[in-house]
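Tertiary structure, described
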Amino acid sequence: MTDISTISPKPVTPEEFRTLMSEFPTGVSVVTTHDREGRPWGMTCSSLCSLSVSPPTVLACLRSESPTLAALLESGAFAVNLLHGRAESAAALFSSGDSDRFDRVPWSPGGGGPHLLQQAHAVADCRVTRTADGDTHVIVFGEVFGVTTVPDLQPLLYGRRRYSTWPEA
């Protein structure tokens, strides 16, 4: 057995870490919200996971400097739009920083934030219950208070730096 107290590892570079995480495929979501003036904000987020069933809670990790995060914290609510397999263009659009993204995709108001129902196979409306510091990111705890699903659509997946879909049964 190796004594880990004697290991002196070299620092992992950002590129090495990105390569490691690309080996862990994940679903693709767009986190959306509104600011005080009612303007929609959103960003692609693959750092999302469930935390608890009771109360139903998700964790979303958003970049600290993100204007979407600022609007989300201001409003206290957000929506998690789980993208379907034909929504790769929406994933790219919401990761681009394009200021007119909500002019380029259909959306409707939702309890937590805009719903992208033509791009999503499921949407969760959430209220912010707390946050935690994640250095370059903020971990947002969201209690789910509403769920909308669209049956028979395959989820969009991201891994190995490319998009794919869930295999058909």
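Just above sits the structure.
For every chain, the first residue of its written sequence is number 1, and the numbers climb from 1 along that sequence. At least 70 in pLDDT is required for a residue's local features to be given in this predicted model, at least 80 for side-chain atom pairs to be given and counted, and no such filter applies to totals for whole chains, interfaces and linings, which use all residues. As a rule here, side-chain values come from all non-hydrogen atoms in the structure, and water together with hydrogens is ignored.

1. Brief notes about the overall build of the chain
Test applied: Elements are defined by DSSP. Helices are runs of H or I of four residues or more, strands are runs of E of two residues or more, and each kind is numbered from the N terminus. Taken over C-alpha atoms, the radius of gyration is set against a globule rule of 2.2 Å times the number of residues to the power 0.38. Burial status follows relative accessibility: with a 1.4 Å probe on protein chains alone, a residue under 20% of its type maximum counts as buried, one over 50% as exposed, and anything between as partly exposed. Whether two residues touch is decided by their heavy atoms; if any such pair falls within 4.5 Å, the residues are in contact.
A count of helical and extended segments in the chain gives 4 helices and 10 strands. Against the 2.2 N^0.38 benchmark of 15 Å for 169 residues, the chain shows a C-alpha radius of gyration of 17 Å, consistent with a compact globule. The principal-axis extent of the C-alpha atoms belonging to the chain is close to 55 × 40 × 35 Å. Burial status across the chain gives 36% buried among its 169 residues. Put simply, 62% of the contacts in the chain that link residues at least 6 apart link residues at least 24 apart.

2. Section: the sheet that holds strand β4 (residues 48-53)
Worth spelling out the cut-off: In short, DSSP must find at least two bridges between two strands for them to pair. Note on definitions: angles span 0 to 180 degrees between N-to-C directions of axes, and those axes are lines fitted to C-alpha atoms, for helices only across the stretch in contact.
If you trace the 7 strands from one edge of the open sheet to the other, you get β3-β2-β6-β7-β8-β5-β4, paired in antiparallel fashion. Sheet topology places β3 (40-45) and β4 at the edges, where each strand pairs with a single neighbour. Adjacent strand axes in the sheet meet at a mean angle of 35°, parallel and antiparallel pairs treated alike. In terms of strand pairing, strand β2 (residues 29-34) meets strand β6 (residues 77-83) through 4 bridges, oriented antiparallel. Residue pairing for β6: Val30 is matched across the bridge by Asn81. Contacts from helix α2 (residues 67-75) reach β2, β3, β5 (56-63), β6, β7 (120-134) and β8 (137-149), with the element oriented near 55° to β2. Against the sheet, helix α3 (residues 88-95) engages β2, β3 and β6, with an angle of about 110° to β3.

3. Here's the deal with the pattern of salt bridges
For the record, the criterion: Here a salt bridge means any side-chain nitrogen of Lys or Arg lying within 4 Å of a carboxyl oxygen belonging to Asp or Glu.
Evaluation of the coordinates by the stated rule reveals 8 salt bridges. Of the charged contacts, one joins Glu15 and Arg161 as a salt bridge, the two residues approaching to 3.0 Å between their closest N and O atoms. Here Glu15 is found in helix α1 (residues 14-22), whereas its partner Arg161 is found in the loop between β9 (156-159) and β10 (162-165), with 146 residues between them in sequence. A salt bridge links Asp35 to Arg39; the nearest nitrogen and oxygen atoms lie 2.8 Å apart. Looking at Arg39, the relative accessible area reads 45%, which means it is partly exposed. Taken together, the salt bridges that share partners define one network made up of Asp35, Glu37 and Arg39.

4. Digging into the sheet that holds β9
Pairing is antiparallel in the open sheet, where 3 strands are placed in the order β1-β9-β10. Both outer strands of the open sheet, β1 (26-27) and β10, are each paired with one neighbouring strand and no more. Taken together, the 4 bridges between β9 and β10 define a ladder with antiparallel strand orientation. Within the sheet, the bridge partner assigned to Tyr158 lies in β10 and is Tyr163.

5. Considerations on the environment of Gly42
Mapping Gly42 onto the fold places it in strand β3. Residues in contact with Gly42, not counting those within four places in the same chain, are Val31, Thr32, Thr68, Phe94, Arg101 and Phe102.

6. What about the nonpolar core?
Our working definition: In this text, buried Ala, Val, Leu, Ile, Met, Phe, Trp, Tyr and Cys residues form a nonpolar core when linked through side-chain atoms within 4.5 Å.
Residues Val31, Leu62, Leu72, Phe78, Val80, Cys126 and Val140 are the most contacted members of the largest nonpolar core, which totals 14 residues. Looking at this core, the elements with two or more residues in it are β3, β5, α2, β6, β7 and β8. Residue contributions to this core peak at 3 residues, all from β8. Within the second largest apolar cluster, 12 residues are counted, among which are Leu83, Leu93, Phe94 and Val105.

7. Section: the packing of aromatic side chains
Rule in force here: For this analysis, a ring pair means two rings from Phe, Tyr or Trp (six-membered ring only for Trp) whose centres lie within 6.5 Å, classed as stacked if their planes differ by under 30 degrees, edge-to-face if by over 60, and tilted for the remaining angles. As a reminder, the over-ring test applies to NZ of lysine and CZ of arginine, requiring each to be within 6 Å of the ring centre and within 35 degrees of the ring normal.
Following the criterion strictly, the structure yields 3 aromatic pairs and no others. Linked through ring pairs, Phe94, Phe102 and Trp107 together constitute an aromatic cluster. Positioned over the ring face of Phe141 is Arg130, at 4.0 Å from the centre of the ring.

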